[in-house]
Structures are given as structure tokens and as C-alpha cells.
Amino acid sequence: GRGGLDPRAPAFTVAALQALCARNKLWPIKTVLCDQRLIGGLGNAYADEILWEARIKPRRTASLMTAEEIARVHAATATTLAAATAALRQLVGAGPLRGEPKREFFRVHHRARKPCPRCGARILTESLRGRSTYWCPACQP
């Protein structure tokens, strides 16, 4: 197929993620997660949320990540997408989805200078390869 791995599909294993990380030598992990040719449909906001959940800095070089770090990102992908799906269902409720609902359930994305919900440190933001990126400097060292 044209698109990357579906992060919700059984084929998206820890080993598959490890292979994607190893293949792209100098890429930050956030870039790997956002590249639609590698992983389909995650996008910028969910990548920030996944890396916050996994306690991994967005700039961490993917090919240098330990097996344990990759396993954390893999697990965080499943929990983040499941939580987002549940939260969006609650937001939309019975009515039809009109446009993009405001995703208030994000913990770090678009929350620059607000306190991290986990540790209270202020969320930082920067541009990473052209994408606005949000992370906690304390939880994601």
C-alpha cells in the first residue's frame, strides 16, 4: 500500500516500530511517528501526545533509542489513540461531527507555558523539522 503501517493494526508491533527507527538513521523519533509513508494517520498532535505519554523527548534520535524506549513509545501509541477515540466520542455525543472538534483532552499539544499535567513543569514548544512541537522538559528529558 501507499500509506505506512496502520498504528491500530496487528502488524504495528514493537519489532516493526524498531525497524522503522533503525532505518532512518538521523531522524528524531517525532519525525518517524509523523511520516505518513512509515506510519499512517498519526500526525503532529498525536505524536506529541504519544511521546509525552512515553516520556521520550521529541528530538531523541530514533535509531539510538533503546529497546525499552521503543517499547514505551509502542505502548503509548495504543493507549493515546484509545483515549483519544473515547474522548472524541464523548465530545461528539449523539450529534454529527461538524468540522474538527476542539480537542481539549490533549495533555501537551498546544499547551505551551501551561503546567505539565504529570509533574507541573512548564510545557515547552519549538519547531522541529517544520512542525510545532510540544513537550515537558522535566518528564521528557
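**Considering the pattern of salt bridges**
Inspection of the entire model under this criterion finds seven salt bridges. Here aspartate 35 and arginine 37 are joined by a salt bridge, their closest N and O atoms 2.6 Å apart. A residue is classified by how much of its surface remains accessible, and aspartate 35, at 11% relative accessible area, is buried. The class for arginine 37 is exposed, based on a relative accessible area of 63%. With a closest N to O distance of 3.2 Å, glutamate 49 and arginine 107 form a salt bridge. With glutamate 49 in helix H3 (residues 43-54) and arginine 107 in the loop between helix H4 (67-92) and strand E1 (124-128), the pair connects residues that are 58 residues apart, well separated along the chain. In this structure, a network of salt bridges that share partners links the residues Glu49, Glu53 and Arg107.

**Remarks on the confidence of the model for the chain**
For the chain, per-residue confidence averages 91 on the pLDDT scale, and residues scoring 70 or more make up 91% of the total. The secondary structure element of the chain with the lowest average pLDDT is H4, at 90, and the one with the highest is helix H2 (residues 29-34), at 97.

**Concerning the packing of helix H1 (residues 14-23) against H4**
One can describe the packing of H1 onto H4 by two numbers: an axis separation of 9 Å at closest approach and a directional angle of 115°. Remark: the crossing between H1 and H4 carries right-handed chirality. Every residue of H4 that contacts H1 at Val14, Leu17, Gln18 and Cys21 is listed here: Ala67, Ile70, Ala71, Val73 and His74. Taken together, the residues of the contact of H1 with H4 sort by class into seven nonpolar, two polar and no charged.

**A closer look at the pairing of E1**
In this structure, E1 lies alongside strand E2 (residues 131-135), joined through five bridges in antiparallel fashion. From the neighbouring strand, leucine 128 faces E2, where its bridge partner is arginine 131. With antiparallel pairing between neighbouring strands as the criterion, E1 and E2 make up a hairpin whose turn holds two residues, including arginine 129 at a positive phi of roughly 50°.

Definitions and cut-offs
Within any chain, residue numbers begin from 1 and follow the written order of that chain's sequence. Selection of residues for local features in this predicted model requires a pLDDT of at least 70, selection of side-chain atom pairs for listing and counting requires 80 or more, and totals for whole chains, interfaces and linings are taken over all residues. The basis for the side-chain values is all heavy atoms of the structure; hydrogens and waters are excluded. Any Lys or Arg side-chain nitrogen found within 4 Å of a carboxyl oxygen on Asp or Glu counts as a salt bridge. Buried, partly exposed and exposed residues are distinguished by accessible area as a fraction of the type maximum, computed with a 1.4 Å probe on protein chains only: under 20%, between the cut-offs, and over 50%, respectively. Each helix corresponds to a stretch of at least 4 residues labelled H or I by DSSP, and each strand to a stretch of at least 2 residues labelled E; elements are numbered beginning at the N terminus. The quantity known as pLDDT measures the predictor's confidence residue by residue, on a range of 0 to 100. Interaxial angle, 0 to 180 degrees, is taken between N-to-C directions of lines fitted to C-alpha atoms, where a helix line uses only the stretch in contact. Crossings are classed by handedness, with left-handed meaning an anticlockwise turn of the near helix from the far one by less than a right angle and right-handed meaning a clockwise turn. Only heavy atoms matter for contacts: two residues are in contact if any of them lie within 4.5 Å across the pair. Classification used: nonpolar for Ala, Val, Leu, Ile, Met, Phe, Trp, Tyr, Cys and Pro, charged for Asp, Glu, Lys and Arg, polar for all others including Gly. A pair of strands is considered paired only if DSSP assigns at least 2 bridges between the two.

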